[in-house]
Amino acid sequence: MSFLATVAESVTPASPGVMETMLGVMESVVEFSMKCFTTITANPILAFIFAGSMVGVGIGVFQQFKGAAR
């Protein structure tokens with residue numbers, strides 16, 4: 001018997017309320033993230049700092065693309 005078959009047999013199905021709980025948690029995380037983003041972009045100083053960090057992230061992404069193209 002393979003390892004994956006053994007693991008699949010030992011795993012019990014999730015209870016019915018688990019999916020609803022996970023969806024509720026994810027909804028809370030997304031709502032919190034959007035509130036943070038709205039607060040940051042509403043403040044000019046925080047928006048400037050946020051934009052500066054996004055420029056750095058963009059440069060890093062393009063460097064990775066450049067390295068992958070070689």
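Refer to the structure above for everything that follows.
For the rest of this paragraph, the subject is the overall build of the protein. On a plain count of helices and strands, the protein comes out with three helices and zero strands. From first element to last, N terminus to C terminus, the protein shows the α and β order α-α-α. Buried positions account for 0% of the 70 residues belonging to the protein. For the protein, the accessible area works out to roughly 6,300 Å², and carbon and sulfur atoms hold 75% of it.

In this section: the packing of aromatic side chains. Summed over the entire model, instances satisfying the criterion amount to two aromatic pairs. Seen from their ring centres, Phe37 and Phe50 are 5.6 Å apart, and the 75 degrees between their planes marks the pair as edge-to-face. Remark: Phe50 occurs in helix α3 (residues 44–69) and Phe37 occurs in helix α2 (residues 17–42); sequence separation between them is 13 residues. Judged by its relative accessible area of 28%, Phe50 is partly exposed.

Bringing a nonpolar patch on the surface into the picture now. Together, Met54, Val57, Val61, Phe62 and Phe65 line one region of the surface with nonpolar side chains, adding up to about 510 Å² of accessible area. Within the secondary structure, Met54 is located in helix α3.

A word on the packing of α2 against α3. Between two packed helices, what matters for the description is the angle formed by their axes and the separation of those axes. Running from amino to carboxyl end, α2 crosses α3 at an angle of 110 degrees, the nearest separation of the two axes being 5 Å. As the angle between them shows, α2 and α3 are arranged roughly perpendicular. Mapping the contact onto sequence places Phe37, Ile40, Thr41 and Ala42 in α2 and Pro44, Leu46, Ala47 and Phe50 in α3. In terms of residue class, the contact of α2 with α3 is built from seven nonpolar, one polar and no charged.

Reading the values: the criteria
Residues numbered from 1 in each chain as written. Predicted model: local features only at pLDDT ≥ 70, side-chain atom pairs only at ≥ 80, totals over all residues. Heavy atoms only, no water. Helix = DSSP H or I, 4+ residues; strand = E, 2+ residues; numbered from the N terminus. Buried < 20%, exposed > 50% of the residue type's maximum accessible area, 1.4 Å probe, protein only. Areas by Shrake-Rupley, 256 points an atom, 1.4 Å probe, with all protein chains shown as cover. Phe/Tyr/Trp six-rings, centres within 6.5 Å; stacked < 30°, edge-to-face > 60°. Patch = residues over 30% accessible without salt bridge, like charges linked within 9 Å, V, L, I, M, F, W, Y side chains within 5 Å. Salt bridge = Lys/Arg side-chain N within 4 Å of Asp/Glu carboxyl O. Axes fitted to C-alpha atoms, helices over the stretch in contact; angles between N-to-C directions. Parallel < 35°, antiparallel > 145°, perpendicular 65-115°, else oblique. Contact = heavy atoms within 4.5 Å. Nonpolar A, V, L, I, M, F, W, Y, C, P; charged D, E, K, R; others polar.

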